[in-house]
Each structure stands twice: as C-alpha cells, then as structure tokens.
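Overview (structure and organization)
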Amino acid sequence: MSTSENNCADECCQSCTESFCQSCSESCSANCEESCNQACSDACSNATCTCGSTPEISIFPLFIALGSALFSSVLIGIIQAFNSQGPILITLFGSTILAGSLSGIRISKSHRNTSCNVINSKSIRIISTRIGLISINHSHHPIHLIKSGHEFRFRGKYFCTGCYGILIGTIISVIIGISYIVNGFNTLWGEAVLLLIPLCFIPIILRYKLSYKFPSSAKLLANCLLPIGSCLSLIYTDFLYHNWILNVLVVLLIITAAFLRGVIAQKDNKLK
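Below you will find a few notes about this structure. Here the structure is a predicted model, which is why all the values come from computation and not from measurement. (Residues numbered from 1 in each chain as written. Predicted model: local features only at pLDDT ≥ 70, side-chain atom pairs only at ≥ 80, totals over all residues. Heavy atoms only, no water.)

**Section: the nonpolar core**
Nonpolar side chains in soluble globular proteins generally cluster together in the buried interior. Ranked by size, the top nonpolar core spans 26 residues in total, and within it Ile-88, Tyr-180, Phe-185, Val-193, Ile-228, Leu-232 and Ile-235 carry the most contacts. Put simply, the parts of the chain that give this core at least two residues each are helix 4 (60-79), helix 5 (86-102), helix 8 (187-209), helix 9 (216-241) and helix 10 (244-270). Considering each element in turn, this core owes the most residues, nine residues, to helix 9. Setting aside residues no more than four positions away along its own chain, Ile-88 makes contact with Tyr-180, Ile-181, Leu-234, Ile-235 and Asp-238. Within the second largest apolar cluster, eight residues are counted, among which are Leu-102, Tyr-164, Ile-166 and Leu-167. (Core = buried A, V, L, I, M, F, W, Y, C linked by side-chain atoms within 4.5 Å. Buried < 20%, exposed > 50% of the residue type's maximum accessible area, 1.4 Å probe, protein only. Helix = DSSP H or I, 4+ residues; strand = E, 2+ residues; numbered from the N terminus. Contact = heavy atoms within 4.5 Å.)

Take a look at the structure:
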C-alpha cells in the first residue's frame, strides 16, 4: 500500500464517528479513493473526511455565536432596561452550557463498549469511560499528540488538556461572575483583578507563540486561565464603567478570541 493511501486512512479514521473507525480503516486499505469516501459519507453525517487535502476553517460558527450573543444581549437589555449586568448574565448562562459540553458527559441506554481503537500507531486512542448509563468522552487525540502533552493522565486515563482545562476555568469563572453580581467588588478587589487579568492571558500566549514543548500540566494551566482572564476582563469593565454597550463589546471580543484560540489549536495539532 502506498504512503498516500496510509495517510488517507489515518485522516479518514480520525474524522469518522466512533463506531465506524475500524470499518473506515479497512475500507481505505482496500481502495483509498473510492471506498474511503463512501465509508465516510455513510458513517459521518456531521463529520468531514478529506483524503489528501486540508479542510478549510469555516468562520460561520463564529458569526452564529456572535449573532446569538448580540441578539440575546439586546433581548435581555430590553427586558432589564439595558442594565449593564445583562451581558454578564448571558455570559454566565452560555458558560454553564459550555461547561456541560466540555465535560464530555453523555447519557446513553446502550451498554456496548464505545472505545475506539484504530490499528495505526498514530491513531490508537481511548474515547470514553462508561459509568452505568453515563458515558464520559475524555480523550480524543491520536497517540502521538497524547505523548506530546495534549492530554494529561489521571488515575490511568487520559484527559484532554484543552477541554478539561477550559472546563475547570469556566467553572471558576461562573463562580466569580455570580459572586460579582451578588456582592460586587470594592476598590481593593478591583485593583487585584486588574493585576490578575494579564497574568491569565500570558500563559496561553506563550503556549502558542513559543516553539518550546510545554508539558501537559502547563497546557492544562494555560487553558484553565484563559476563561478566568476573560471573565475578569468583563466584570472589571463593568466595575469601571457600568456601561451596557461596553460590556456587550467585551463579550463579542471574548467569543472572537475563543474562536481564534480554537483555530490556532487546530492548526497546531496538524503540524505535529
């Protein structure tokens, strides 16, 4: 089998759904160009399989997220007479939904093993852990990315540093946001927040700016601090100005930064 056919099989299996990973690999081995495309089109209605080509980054999800945030802010603003804390409430609601998604927790009546083990050494991975009817998807990187620190090990299992780092940071951010809405900040707290904001963004900037191979613990910390820094930026803006328009702009900026972080992470994975 040629090198291009092996690469096709690798890329196809990474994008197909869990239950079809093995069948897609076998199809690509038999006839890469024809069978691989057919297997992918049958197996993944929402996934993309591109053999020998690099998928383009779509910005439509960003537009949808920005539009939804803006529409929700205006709607809540009308109800609350454009109270400056309205965008913060929407951010807390969206963060709660995001946390649930990042946790990887799914409820399924099926008791079959959902782990996906692909033959190729760069694609063998553990997808999920089942506890009764609850399935937790916590690992989704190929082996070579796991070894490079994209996932950390906890009690014998691997967890994605990106997903679970942002999950931890999002939970902390929700707690901080609720505390601010209920109790507010005094001047001393405001000065402390101002000092913490840049410290939260420096690790993630260094993470993608430097060529140094960061350990999984450093990547986990960088991803954890990102949503915390974003939350502190939003509440500090409200603390200073109490302006609805400024808060909405900060929310839109945070969403854009999160999207760009995802794009950079995706490109970074492809280079390894």
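**Focus: the state of the cysteines**
When the sulfur atoms of two cysteines share a covalent bond, that bond is a disulfide. Applying the stated criterion across every chain, the model contains zero disulfides. In this structure Cys-163 is not part of a disulfide, and its nearest cysteine sulfur, from Cys-160, lies 3.8 Å away. Cysteine Cys-200 is unpaired, with the sulfur of Cys-224 as its nearest cysteine sulfur at 8.8 Å. According to the relative accessible area criterion, Cys-200 is buried, its value standing at 6%. (Disulfide = S-S within 2.5 Å.)

**Observations regarding the environment of Pro-61**
With respect to the helices, strands and loops of the structure, Pro-61 is situated in helix 4. For Pro-61, a relative accessible area of 47% translates into the label partly exposed.

**Section: the packing of aromatic side chains**
Each pair of aromatic rings is reported with the distance of its centres and the angle of its planes. Summed over the entire model, instances satisfying the criterion amount to seven aromatic pairs. Here Phe-82 and Trp-244 contribute two aromatic rings whose centre-to-centre distance is 4.8 Å and whose plane-to-plane angle is 85°, an arrangement assigned as edge-to-face. Separated by 162 residues along the polypeptide, Phe-82 in the loop between helix 4 and helix 5 and Trp-244 in helix 10 bring together distant segments of the chain. On the basis of relative accessibility, which here comes to 40%, the residue Phe-82 falls in the partly exposed class. Assessed through its relative accessible area of 15%, Trp-244 is described here as buried. Look at Phe-154 and Phe-159: their rings are 6.3 Å apart centre to centre, the planes differ by 70°, and that puts the pair in the edge-to-face class. Residue class for Phe-154 comes out partly exposed when judged on its relative accessible area of 48%. Through successive ring pairs, a cluster of aromatic residues spans Phe-152, Phe-154, Phe-159 and Tyr-164. Taking NZ or CZ as reference, Arg-207 lies 4.4 Å from the ring centre of Tyr-208, over its face. (Phe/Tyr/Trp six-rings, centres within 6.5 Å; stacked < 30°, edge-to-face > 60°. Lys NZ or Arg CZ within 6 Å of the ring centre and 35° of its normal.)

**Quick look at the pairing of strand 3 (residues 134-137)**
Relative to strand 3, strand 1 (residues 105-107) is paired through three bridges, and the arrangement is antiparallel. Note that in strand 3 the partner of Ile-107 across the bridge is Ile-134. Both strand 2 (residues 128-131) and strand 3 contribute to a ladder of four bridges, which runs antiparallel. Residue Ile-131 lies in a different strand from strand 3, and its bridge partner there is Ile-134. Between strand 2 and the antiparallel strand that follows it, strand 3, lie two residues; Gly-132 among them carries a positive phi value of about 65°. (Pairing = 2+ DSSP bridges.)

**Here's the deal with the environment of Arg-207**
Secondary-structure assignment places Arg-207 in helix 8. With eleven residues separating them along the chain, Arg-207 and Ala-218 place their C-alpha atoms 8.3 Å apart. Not counting chain neighbours up to four residues away, the residues in contact with Arg-207 comprise His-150, Phe-214, Lys-219, Ala-222 and Asp-268.

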